[in-house]
Amino acid sequence: MKMNFEQIKAAFDQETAQRKLVRKRDEIPMAFEDITTDWLDDVLGAKANGSTVTGFTLGPEDEGTSSRRRIEIQYSSEQHTLPSSVFCKATFTLPSRCLLGMNGAIEGEVKFYNIVRPQLDIEAPTARFANFNPNTLNSIVMLDDMTGSVTFSDHTTVITEQLAKEQLGILAKLHGKYYQSAALQGELSYLNTWSDFFTITANEAGFGPQADIGFREAKEVIPANLFKKADQIWPATLASVNAHKSLPHTVVHSDVHLKNWYITANKHMGLSDWQCMCVGHWGRDLAYVLSTSLTIGDRRAWEKDLIQYYLKELKANGGPDTSFGDAWNYYRQNLFGALAWWTPVLSPNPDVPDMQPRDTSLEFISRMTHAIDDTQALDSL
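These numbers were taken from a predicted model, which means no experiment stands behind them.

A. Structural view of the environment of His80. Mapping His80 onto the fold places it in the loop between strand S3 (67–75) and strand S4 (85–90). The partly exposed category is assigned to His80, whose relative accessible area is 22%. In this structure, the C-alpha to C-alpha distance between His80 and Ala46, residues 34 residues apart in sequence, is 8.4 Å. Discounting residues that sit within four places of it in the chain, His80 has contacts with Asn49, Ser51 and Tyr75.

B. Examining helix H1 (residues 5–17) more closely. Along its 13 residues, H1 runs 18 Å from first to last C-alpha, staying within 8% of the 18 Å computed at 1.5 Å per residue. The complete set of buried residues in H1 reads Ile8, Ala11, Phe12 and Glu15. Down the axis of H1, the sector holding all buried residues measures 100°, keeping them to one side. Of the exposed residues in H1, those oriented more than 90 degrees away from the buried face are Glu6, Gln14 and Ala17. In this structure, the buried residues of H1 make contact with helix H3 (94–101). The N-cap of H1, judged by a side-chain oxygen 3.2 Å from the amide nitrogen of Glu6 a few residues on, is Asn4.

C. Inspection of the environment of Ala172 at higher detail. When you line up the elements, Ala172 lands in helix H5 (residues 161–177). Relative accessible area serves as the criterion here: at 0%, Ala172 is assigned to the buried category. Put simply, Ala172 and Glu313 are 141 residues apart on the chain and 5.7 Å apart in space, counted from C-alpha to C-alpha. Not counting residues up to four positions away in its chain, the partners in contact with Ala172 are Tyr310, Glu313, Leu314 and Asn317.

D. Just the sheet that holds strand S7 (residues 150–152), in detail. Within the open sheet, the three strands sit side by side as S7-S9-S10. Their pairing is antiparallel. Looking at the sheet topology across the chains shown, the edges are occupied by S7 and strand S10 (269–271). Each adjacent strand pair in this sheet contributes to an overall mean axis angle of 35°, direction not counted. As defined by bridge partners, S7 adjoins strand S9 (residues 261–264) across three bridges and the pair is classed as antiparallel. Across the sheet, residue Thr151 finds its bridge partner in S9, namely Ile263. Across the sheet, H5 lies against S9 and S10, angled at about 40° from S10, the strand it touches most.

E. Structural detail: the nonpolar core. Leu188, Trp274, Trp282, Leu290 and Trp341 are the most contacted members of the largest nonpolar core, which totals 106 residues. The greatest single-element share of this core, amounting to eight residues, is contributed by helix H12 (residues 324–339). When sequence neighbours within four positions are dropped, the list of residues in contact with Trp282 reads His175, Tyr179, Thr250, Val252, Tyr310, Leu311, Leu314, Pro320, Thr322, Ala327 and Tyr330. Judged by nonpolar contacts, the second largest core, of 21 residues, contains Val43, Val53, Phe129 and Ile140.

F. Molecular detail of the layout of surface pockets. Here the largest pocket is characterised by a volume of approximately 960 Å³. In terms of lining residues, the largest pocket is bounded by 41 residues, among which Arg68, Lys259, Asn260, Asp273 and Gln356 are the most central. Taken together, the elements giving at least two residues each to the lining of the largest pocket come down to S3, S4, H3, helix H4 (105–116), strand S6 (139–144) and helix H6 (194–204). When its residues are assigned to classes, the lining of the largest pocket shows 18 nonpolar, 11 polar and 12 charged. Of the pockets and cavities examined, the second largest pocket occupies roughly 280 Å³.

What counts and what doesn't
Residues numbered from 1 in each chain as written. Predicted model: local features only at pLDDT ≥ 70, side-chain atom pairs only at ≥ 80, totals over all residues. Heavy atoms only, no water. Helix = DSSP H or I, 4+ residues; strand = E, 2+ residues; numbered from the N terminus. Buried < 20%, exposed > 50% of the residue type's maximum accessible area, 1.4 Å probe, protein only. Contact = heavy atoms within 4.5 Å. Expected span 1.5 Å × (residues − 1). Arc of directions from axis to C-beta. Polar contact = N/O pair within 3.5 Å; in protein donor to acceptor, adjacent residues only side chain to side chain. Pairing = 2+ DSSP bridges. Axes fitted to C-alpha atoms, helices over the stretch in contact; angles between N-to-C directions. Core = buried A, V, L, I, M, F, W, Y, C linked by side-chain atoms within 4.5 Å. 1 Å grid on protein atoms, 1.4 Å probe; cavity = no way out; pocket = protein on both sides within 12 Å on 5 of 7 lines; lining within 4 Å. Points joined across faces, edges and corners; volume = space filled by probe spheres on them. Nonpolar A, V, L, I, M, F, W, Y, C, P; charged D, E, K, R; others polar.

Quick look at the structure:
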């Protein structure tokens, strides 16, 4: 059920008034402080593993797009395979539910871990528990805690050409598996299309008006030639989304910026944060990952070879046989949709959570706008 702001707020207020400690797995806490050992017992299946949860410690608060927190857990016995700590992300706040609820991101991420993740042979987090309430948009996802075993990327992480190929290989597996799949009208029919996801986010979360404001605020990192064409950027973005509608669809991660990737101990890439997953054309992910993961110089040097590599991997994983010319055009067109996910983050609507550090936003905007300028992407539409 799609909900507007008034409906989400009314449901939030009612749920807040009924807030209580949670003890059974079908209950969703309103805050991490509402969790009990009984709830963790039930969620983790501790008794089935010959143990019980005797205590737990909440880690530091981390509020952003969602409420994030680690939980360290103590058990009555050491003879089990249960986790000593988990990482949780939840939509406990009203801004979180508005930003992630109206476009379907809350349901999308929960169902990714419950339905899609078991079907994919890729490096990605696994969930111990994931649930949401469709009537209130409260949710919680409990993941295996990867702290210390992987390195999470940020805008300063250096991605080599080989690591970039691993990123593209993961995306090719995802895109190839669901390319024009019957599952898109079946078990995955709950997913929004990218065009609907974009439109809702632009209109309801204020990304549309803030995109132009953020673009102009980032003048210092945008190529001067492109900045002169600032008035053309949002119309080009809308045109790219409209063009997307008529292209063949698959499942796309849709938020593949560098901070959502991690590097394992044996130096392989992994992809996290699946809350923007939707149905769309693979060009969305291809443009987004290359334009944010690589430095401007490396992207200029490698992008065409990497696109060729991706096309080969996509075909090998069940996707289409696509010419480089077509792929190059999809790549250029989708750079605008990638940029539209970051200019509003630099200059957010006051009602939207503060999502990213300013230096991260400026770096990604710089990389993406240079890609738009270098590839003459405005001419692709």
